[in-house]
Amino acid sequence: MILLAALPTLLALERRYRSVHAQSWRHTTPERPSRNRATIAYLIALVLFCVGSPAAAQQAHTVVHFPSLDDNDGGQPPTVLAGHIFRPLDDGRHSALVFLHGCGGLIHDGDLDERETSWAGELNRLGYAVLMVDSHGPRGIGSTCSLRVTNPDEWMKLMLKREGDAYGALQFLAAQPFVESNRIGVIGWSLGGGVVLLSTRSGERTRLNGSGSASFRGAVAFYPALCNDDEQAPGWSNEIPLLLLQGASDTWTRAAPCKRFVENAVARGARIDMQL
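In this report, we go over the structure that sits alongside the text. Per chain, residues are indexed from 1 in the order of the written sequence. Only residues with pLDDT of 70 or above have their local features reported here, since the model is predicted, and side-chain atom pairs are shown and tallied only from 80 upward, although totals for entire chains, interfaces and linings are computed over all residues. To get the side-chain values, take all heavy atoms of the structure and skip hydrogens and water.

1. Notes on the nonpolar core
Thinking step 1. Core analysis: the largest hydrophobic core is formed by 46 residues, its most contacted members being V98, L131 and F216.
Thinking step 2. At 8 residues, the largest contribution of residues to this core is made by helix α5 (residues 152-174).
Thinking step 3. Residue contacts follow a heavy-atom distance rule, with two residues in contact if any of their heavy atoms lie within 4.5 Å. Every residue in contact with L131, bar those within four places of it in the chain, is listed here: V64, F66, G83, H84, I85, L97, V98, F99, A169, F172 and L173.
Thinking step 4. By nonpolar core we mean a set of buried residues, namely Ala, Val, Leu, Ile, Met, Phe, Trp, Tyr and Cys, connected to one another through side-chain atoms within 4.5 Å. Relative accessibility under 20% of the residue-type maximum defines a buried residue, over 50% an exposed one, and the middle range a partly exposed one, all with a 1.4 Å probe and only protein chains included. By size, the runner-up hydrophobic cluster in this structure holds 19 residues, among which are L97, F99, L123 and V220. Where helices and strands are cited, they refer to DSSP runs of H or I of at least four residues and of E of at least two residues respectively, numbered from the N terminus.

In structure tokens, the structure reads:
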């Protein structure tokens, strides 16, 4: 990941974007101009795949449905998820990214979250297809931002189900004729970032997706939940390169425990680049 030194402001810019939408539980500062988003999207694309060629603007998105790889309490049918695909306009095969939303969900007042659509637009222009996964709507769930405190067991159960969502989305994308099946990455925000940590840990791809199946080429986690040793299995490591972006003053995902978690994992051989 040779361009990570050029990304020290990536998390700060993303958090400024979030502040515009009245996330009162985060430190707030003004949003930067949209050209910064284009720049950092380009750098993320390079970090994930070391390639990227501009394409035509994005087309209107398409709603698709595909099964999660979740285990619905033993023997129950998997959840059929809704996904929103944004594609470049040209007809070629593209690298692709799975988007995993935060605790507030993907849909707000009938519209897709503006953060995800903004990122999709920038990445489409760089030639990448995007699949946004809605993990809440198909399960009849609204916001889960307080669930971690009010019912931590149920919260963790949902996080593990969302791990299956990520791999269901990977399988779906890998089968699409417009996707290069060996060039699929995953990006998660907050709770979605926690799902990234779960789904990229060693052994999970084989457990959920089979040893001969598609794998994520790389991963990005913005201020991820579960970024601490207390909430991860002892000896956590990963097998998929991970870019982790964390805010030093974040009051939701604390920087110090996250940094210790990363340092301990890297000492065990984990493949993580952290920008604080």
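2. So, the side chain of E163
Thinking step 1. Secondary-structure assignment places E163 in helix α5.
Thinking step 2. If we skip the residues at most four places from it in the chain, E163 touches V195, L198, S199, R201, E204, R207 and L208.

3. Regarding unusual backbone geometry
The general pattern is negative phi for most residues beyond glycine and trans for most peptide bonds.
Thinking step 1. One non-glycine residue, D109, adopts positive backbone phi at about 55 degrees.
Thinking step 2. In this structure, D109 sits in the loop between β4 (107-108) and β5 (111-112).
Thinking step 3. Of note, the phi angle at Y223 is positive, near 35 degrees, even though the residue is not glycine.
Thinking step 4. Along the chain, the position of Y223 falls in the loop between β8 (218-222) and β9 (242-245).

4. Section: the sheet that holds strand β6 (residues 129-134)
Thinking step 1. Any two strands are treated as partners once DSSP identifies two or more bridges connecting them. Strand order in this open sheet of 8 strands is β1-β2-β6-β3-β7-β8-β9-β10, and the pairing throughout is mixed. Because the sheet does not close on itself, it has two edges, and the strands there are β1 (62-67) and β10 (272-275). Geometrically, the sheet is characterised by an average inter-axis angle of 25 degrees between neighbouring strands, direction not taken into account.
Thinking step 2. One ladder, built from 5 bridges, connects strand β2 (residues 80-86) with β6; its direction is antiparallel. Axis geometry follows a simple rule: fit a line to the C-alpha atoms, using only the stretch in contact for helices, then measure angles between N-to-C directions, giving values from 0 to 180 degrees.

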